[in-house]
Amino acid sequence: MIVIGGLTPAWQHILVFDEFRCGTVNRATETVWCASGKVLNAALAAYHLNGLVRVLAAVGGRTRRQIEDDLEVFELDYRWVVTEAPTRVCVTVIDRATGEVTELVEEAGPLTTKELDQFYQAWKEETAKATVALLIGSLPPGTDPLFYRELISVCRGKVILDFAGPGLRECLSLRPFLVKPNRQELARTLERPIDSPQAIWEGIRQLQAWGAEWVLVTDGGSPAWLGGPEGLFSVLPPSPAQKVNPIGSGDALAGAMATALAQGKDMFEAVRLGVAAAVDNLEQLLPCRLRPGRVAELASQVVLQPVAG
């Protein structure tokens, strides 16, 4: 079983415009709402790829019922820690004329000490028999950077980490199986610019030296970089049939990789499935509502190449 946990889900509002101009009135031609945020996105990706998944998240306020209604359409297995702070609302603006996508992010509200304690106990219970545990998303403001370390310390299966900064640095000595930052997150974690393939390679080696077994660094539509016990590899994604909405592509990758690993696939198969899921996500309007057949087709086109380093 896969357990996916995170403290900062979202209720997502997606607005599509034939043409969007700042500083004037814009009328959307299409608008949808959906459960989102990294933790819910990754869980939805795993669910659509037939992963046996349970999601644990902190939710609250009026949007809780809306999130539940959306997830119940998919019969996704979930457990909430109910919070005083309402679940944030984020907005995606898509301009069809230019293809530009703008994300308006509301920061999550703080969690109380009691709520964090409840999350810790729930996580401990849920991961007791998990094959793979994925922790994903930033910590709410005011949360101790060591909180994720406390969660990882009670995990027994493979641990995947998809967050960045001081919180990630504090976790690496616990030797997580996989760390998955994008290039900007890698720079924030290492506190230095990551502006070349050589810098990415050196950053991967640094995270490994601190304890990560495998490191996958993504960079939008550019090749990703995978480092692990078997060396360094570049990962070339297939071209999407169309580019609709990139929001959630990294989450789709994380959820798909967790699914593959829980099903006993090796890291290279997991990377292929993850990258394919990210591309499938890019081709669709709603985040992480994946199409298994399309993901399988795309996975066969992902190329891994060894790199001397």
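The structure displayed is predicted, hence computed values, not measured ones.

Chemist: I'd like a rundown of empty space enclosed by the protein, residues and numbers included.
Modeler: By the definition in use, this model includes 1 cavity of 30 Å³ or more. In this model, the largest cavity occupies a volume close to 90 Å³. Along the wall of the largest cavity there are 14 residues; nearest its centre are Leu7, Ala58, Pro86, Thr87 and Ala108. The residue inventory of the lining of the largest cavity, partitioned by class, reads 8 nonpolar, 5 polar and 1 charged.

Chemist: Describe the packing of helix H8 (residues 249–262) against helix H9 (residues 267–282), with residues and values.
Modeler: Two numbers describe how H8 lies on H9: the axes approach to 7 Å, and their chain directions differ by 145 degrees. Two packed elements cross with a definite hand, and for H8 against H9 that hand is right-handed. Counting all contacts with H8, which are made through Ser249, Ala252, Leu253, Ala256, Met257, Ala260 and Leu261, the residues of H9 involved are Met267, Ala270, Val271, Leu273, Gly274, Val275, Ala277, Ala278, Asn281 and Leu282. Its residues assigned to classes, the contact of H8 with H9 comprises 14 nonpolar, 3 polar and no charged.

Chemist: So what's going on with the pairing of strand S11 (residues 214–219)? Residues and values would help.
Modeler: The buried fraction of S11 amounts to 5 of the 6 residues, a majority that puts the element mostly inside the structure. Relative to S11, strand S10 (residues 178–179) runs parallel, the two being bridged by 2 bridges. Along S11, the bridge assignment pairs leucine 178 with tryptophan 214. Relative to strand S12 (residues 222–228), S11 is paired through 4 bridges, and the arrangement is antiparallel. Residue pairing for S12: valine 217 is matched across the bridge by tryptophan 225. Connecting S11 to the antiparallel partner S12 that follows it, the hairpin turn spans 2 residues, and glycine 220 within it adopts a positive phi of roughly 60 degrees.

Chemist: Please provide a residue-by-residue account of the side chain of aspartate 280, values included.
Modeler: Tracing the sequence through the fold places aspartate 280 in helix H9. With residues near it in sequence (within four places) discarded, aspartate 280 still touches Leu290, Arg291, Arg294, Val295 and Leu298.

Chemist: Outline the sheet that holds strand S6 (residues 89–95), listing residues and values.
Modeler: The strand order S3-S2-S6-S7 describes an open sheet built from 4 strands, whose pairing is mixed. Only two strands of the sheet have a single partner each, and these edge strands are strand S3 (30–36) and strand S7 (101–104). When strand polarity is set aside, the average angle formed by the axes of neighbouring strands in this sheet is 20 degrees. Sheet strands touched by helix H1 (residues 38–48): strand S2 (10–17) and S3. Its angle to S3, the strand with the most contacts, is close to 90 degrees. The strands touched by helix H2 (residues 63–74) within the sheet are S2, S3 and S6, with S2 carrying the most contacts at an inclination of about 75 degrees.

Calculation rules
- Residues numbered from 1 in each chain as written.
- Predicted model: local features only at pLDDT ≥ 70, side-chain atom pairs only at ≥ 80, totals over all residues.
- Heavy atoms only, no water.
- 1 Å grid on protein atoms, 1.4 Å probe; cavity = no way out; pocket = protein on both sides within 12 Å on 5 of 7 lines; lining within 4 Å.
- Points joined across faces, edges and corners; volume = space filled by probe spheres on them.
- Nonpolar A, V, L, I, M, F, W, Y, C, P; charged D, E, K, R; others polar.
- Axes fitted to C-alpha atoms, helices over the stretch in contact; angles between N-to-C directions.
- Helix = DSSP H or I, 4+ residues; strand = E, 2+ residues; numbered from the N terminus.
- Left-handed = near helix turned anticlockwise from the far one by under 90°.
- Contact = heavy atoms within 4.5 Å.
- Buried < 20%, exposed > 50% of the residue type's maximum accessible area, 1.4 Å probe, protein only.
- Pairing = 2+ DSSP bridges.

Treat this as a map of the structure, not an account of what it does.
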